[in-house]
Amino acid sequence: MTATENEATTEESNETLVSRRSLFRGGLGLGAGVALGGVLAACSSGDGSAGGSNGDDPIDVDNVDAEDPLRGSNETNMQGKTVEMGFAVLAGWPPSQAAVELYPEFAKYAKEKFGYTTTVKKTEAGFDKLFQQLAPGLSSGSQENNIMISDSQWLGAFAERDWIVRAEDVYAINPDLDLDPYSSLVRKTYQEYPDGSGTRWGFPQMPDTQGLFMRLDMLEDEANQTAFEEQYGKKLPTTYEEFEPMTMVEYEEIFEFFNRPEEGMHGTAMMYGKDYDSFSCAYHPYAYTTGDIWNPETGEVIGFLNTDDHATALEYFVSLQKYQPPGSEANGIGTMIDLFTEEKVFSAMQWLAVGLAMDGDGKLEGKILAVPHPKFEFPDGSIDVIGAMGGQPWVINKFNDDDHMRVAIDFLRWWYSDDAQAKFEDAGGLPWTADKVNAEGFEDSKYYARAFKEMLGEDKSRDFWHLPQYAELLAIQQEAYNKYAADPDAFDPKRVLDFIAVKQQEILLDNGVTDVAIPDELKDITLE
């Protein structure tokens, strides 16, 4: 989907929405490419802002003026004004679009509480294009987009260039907005930059974790139950409790059992595509079983990503294509939806927030079991999983004038209200605060909510690279991983990792993230 700008005013609240499935399919697709990396690496910062502090200096709360725009509106300072807000959101991603769809509700709140009129203008692009679209305006100090959805890995690029308001400053002035997260994963993924600094820039919008969607009706089928027990000498699991402790190796028997290409049915589907971060996020849980993909302390990739254990994990992940339909090397989020809802696969590894679309507009309602990402055996013998984190935060444009900054703060205060969050969850959103994730009945509120909660727990998932060089690093590994997935016999998995590690460390060397040189024996490595 190409970037467009659409007007969304209060009169649009009754428009018919496109189907959930087409929303997910619309904007998740094109390759990240080096062009985006160039934008991330090369854009300069603009000047000036309506509020907030620069660099590492904390805001002096005791000396913040009563009319400081970061306080939001009061009973008098916005009376009678009209403000059009620019929202930048992700195309084809319903949780992101929900902010615009619910904006008329906020407009009513703002009119009643503060006496101003507000409408919203939407800028949208896919995951791989939105930052690229926003960067030129931000680099010139434009306030065209006042509130923006940021993929979690973009925080470094936004913050380093001083394009966004530091969330710490907003929280210092508005402690009511500083909500208690369900786990530290929320802060680490959607808010903090640099990693480990404790400095927050993002405001959590939509959390997301990984899981496995399976056909419950096929699991419960009596003929399948009998045949599985005859073939494997054990009962075919049917419940969340039975599946939750299982390892990927144990799941293989189930994938194998349901892999019936002669009947047009395959055992599973996973993401191997080079679009944006499809392969990377799907593969990282396998890699995390043997260590991290880089050393964030020293900036080294060589010696961390390209270990023999990681090569074994990569080879195993790619080998699981044998249970999947042909063409799996192109699989992305949209493909998972299509294969599952068109009943071509028994199971699909997918982002749990996509559960909204996995029932095929109700066709498979009641026929799906969603569970956490399968576990692995770690070197110490423990059985566990570290999934990849998805999801996005809000960021606030630092170049907003006073009126737009006040409305931005007002919107966040409304957005995090119980009423607005309930509407967001009804539209497919997921919560991230401790009170809502721990609320009685949450695990049963959506068929995928229990798995989501499990994977949002402490140390259950992990994000990667919040560096400004994120897109360049990602494009390198997506291209190389995808080549390997497309033709595993043509490449040695260890050499694939060697190549990626060298090229990524070169980028980090060029940008001063590391000072560790490339070993002589790897300097001229290619995949050819």
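This is a predicted model, so every value here is computed, not measured.

The rules we used
Residues numbered from 1 in each chain as written. Predicted model: local features only at pLDDT ≥ 70, side-chain atom pairs only at ≥ 80, totals over all residues. Heavy atoms only, no water. Axes fitted to C-alpha atoms, helices over the stretch in contact; angles between N-to-C directions. Helix = DSSP H or I, 4+ residues; strand = E, 2+ residues; numbered from the N terminus. Parallel < 35°, antiparallel > 145°, perpendicular 65-115°, else oblique. Left-handed = near helix turned anticlockwise from the far one by under 90°. Contact = heavy atoms within 4.5 Å. Nonpolar A, V, L, I, M, F, W, Y, C, P; charged D, E, K, R; others polar. Buried < 20%, exposed > 50% of the residue type's maximum accessible area, 1.4 Å probe, protein only. Pairing = 2+ DSSP bridges. Core = buried A, V, L, I, M, F, W, Y, C linked by side-chain atoms within 4.5 Å. Polar contact = N/O pair within 3.5 Å; in protein donor to acceptor, adjacent residues only side chain to side chain. Phe/Tyr/Trp six-rings, centres within 6.5 Å; stacked < 30°, edge-to-face > 60°. Lys NZ or Arg CZ within 6 Å of the ring centre and 35° of its normal. Salt bridge = Lys/Arg side-chain N within 4 Å of Asp/Glu carboxyl O.

A. Focus on the packing of helix α14 (residues 308-319) against helix α20 (residues 470-486). Contact geometry of α14 with α20 gives a least axis separation of 10 Å together with a crossing angle of 55°. In terms of axis orientation, α14 runs oblique to α20. The way α14 lies across α20 gives a crossing that is right-handed. For the pair formed by α14 and α20, the contact residues are Leu314, Glu315 and Val318 on the first element and Tyr481, Tyr484 and Ala485 on the second. Looking at side-chain class alone, the contact of α14 with α20 contains five nonpolar, no polar and one charged residues.

B. Molecular detail of the pairing of strand β6 (residues 210-215). Burial within β6 is extensive, with six of its six residues counted as buried. Inspection of the sheet shows β6 paired to strand β7 (residues 347-351) by five bridges, in the antiparallel sense. For Leu212, the partnering residue across the bridge sits in β7 and is Met349. Across five bridges, β6 lies against strand β8 (residues 368-372) in antiparallel orientation. When the sheet's bridge partners are listed, Gly211 is paired in β8 with Pro372.

C. Up close: the nonpolar core. By size, the foremost hydrophobic cluster in this structure holds 170 residues, and its most contacted members are Phe87, Trp394 and Phe411. Those residues within four positions of Phe87 in sequence are excluded, and the remaining contacts are Ala99, Val100, Tyr103, Val120, Lys121, Lys122, Thr123, Asn145, Ile147, Trp394 and Phe411.

D. Just the side chain of Glu192, in detail. Relative to the elements of secondary structure, Glu192 occurs in the loop between α8 (184-190) and β5 (203-208). For Glu192, a relative accessible area of 4% puts it in the buried group. Reaching out from Glu192, the side chain makes a polar contact with the side chain of Arg187 at a distance of 2.7 Å. Within the structure, Glu192 has its side chain in polar contact with the backbone nitrogen of Gly198 (distance 3.1 Å). What Glu192 contacts, discounting residues up to four positions off in sequence, is Leu155, Arg187, Ser197, Gly198, Thr199, Arg200 and His466.

E. Quick look at the packing of aromatic side chains. According to the stated counting rule, one finds 49 aromatic pairs in the structure shown. Plain terms: the ring middles of Phe106 and Phe411 are 5.3 Å apart, the flat faces sit at 80° to each other, and that makes the pair edge-to-face. Placement of the pair is Phe106 in helix α4 (residues 103-114) and Phe411 in helix α16 (residues 402-415), with a sequence separation of 305 residues. According to the relative accessible area criterion, Phe106 is buried, its value standing at 0%. Through a chain of ring-to-ring contacts, three or more aromatic side chains come together here, namely Phe87, Tyr103, Phe106, Tyr109, Phe114, Tyr116, Trp394, Phe411, Trp414, Trp415 and Phe424. Across from the ring centre of Phe257, 4.9 Å away, lies the NZ or CZ of Arg260, which sits over that ring. Positioned over the ring face of Tyr288 is Arg462, at 4.5 Å from the centre of the ring.

F. Main features of the pattern of salt bridges. Throughout the structure, instances matching the rule amount to 31 salt bridges. Across the salt bridge formed by Lys274 and Glu479, the nearest N and O atoms sit 3.6 Å from each other. Of the two residues, Lys274 sits in the loop between α12 (248-258) and α13 (278-287) while Glu479 sits in helix α20, which places them 205 residues apart along the sequence. Take Lys274: its relative accessible area is 39%, and that puts it in the partly exposed class.

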